Amino acid sequence: MAYRHPLRHRRHGSFGEGLDLSTVIRTCIGCRERVDKTALVRVVGIGSSSNWVITPDPGGSLPGRGAHLHPTTRCLELAIKRKAFGRALKIEGTIDTILLAEVVRGTNDQKN
Ligand SMILES: [Zn+2]
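Residues numbered from 1 in each chain as written. Predicted model: local features only at pLDDT ≥ 70, side-chain atom pairs only at ≥ 80, totals over all residues. Heavy atoms only, no water.

Focus on the pattern of salt bridges
Heads up, the condition is: What counts as a salt bridge is simple: a side-chain nitrogen of Lys or Arg found within 4 Å of a carboxyl oxygen of Asp or Glu. Counting from the N terminus, the helices are DSSP H or I runs at least four residues long and the strands are E runs at least two residues long. The cut-offs for exposure are 20% and 50% of the maximum accessible area for each residue type, with area from a 1.4 Å probe on protein chains only; residues under the lower value are buried, those over the upper are exposed, and the others partly exposed.
For the structure on display, the rule yields one salt bridge. Here Arg-42 makes a salt bridge to Asp-57, at a shortest N to O gap of 2.5 Å. Within this pair, whereas Arg-42 is found in strand S3 (residues 41-47), its partner Asp-57 is found in the loop between strand S4 (51-56) and strand S5 (66-69), the two being separated by 15 residues in sequence. Residue classification places Arg-42 among the buried positions, given a relative accessible area of 15%.

Structure follows, in structure tokens:
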């Protein structure tokens, strides 16, 4: 009863076929760097046909198309400059990033 199958305890066995579920790589839409998605914040566009609010989704639970970005002012500005939100989220019109900017500013508190 106390016998445990040794294979059960190998978290990094050879069964993964290179698919390691603990490392998910996403591209930051600001600096285009490919990094572990835990370093990025997921955002979704919430709105209607021409008015969108970029909404941070740190829990990854909001439905819809998401984009990923470093929670830094630099990457936020790069993404805005490149109109990356519209492209990544397939949205057009007014794109409001105030909500996201607040989160980014909060995350960067220690730097300022
Ligand atoms: Zn970035």
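There's more to say after this.
Section: the coordination of the zinc ion
Put simply, the rule reads: Distances up to 2.8 Å from the metal define which N, O and S atoms are donors, and 3.2 Å serves for Na, K and Ca; water is absent from the atom set, so sites may look incomplete. Geometry assignment treats four donors as tetrahedral when all angles are between 85 and 135 degrees, treats four as square planar and six as octahedral when opposite donors are over 155 degrees apart and all others between 65 and 115, and treats everything else as irregular.
Taken together, the protein donors to the zinc ion comprise Cys-28 (SG), Cys-31 (SG), His-70 (ND1) and Cys-75 (SG), at separations of 2.0 to 2.4 Å. Coordination at the zinc ion comes from four donor atoms whose angles at the metal span 106 to 114 degrees, giving a geometry best classed as tetrahedral. Each donor residue of the zinc ion lies on one chain, and together they are spaced C-x2-C-x38-H-x4-C. Of this pair, Cys-28 sits in the loop between strand S1 (25-27) and strand S2 (34-36) while Cys-75 sits in helix H1 (residues 73-81); the two residues are 47 residues apart in sequence, bridging distant segments of the chain. Using a relative accessible area of 0% as the deciding quantity, one classes Cys-28 as buried.

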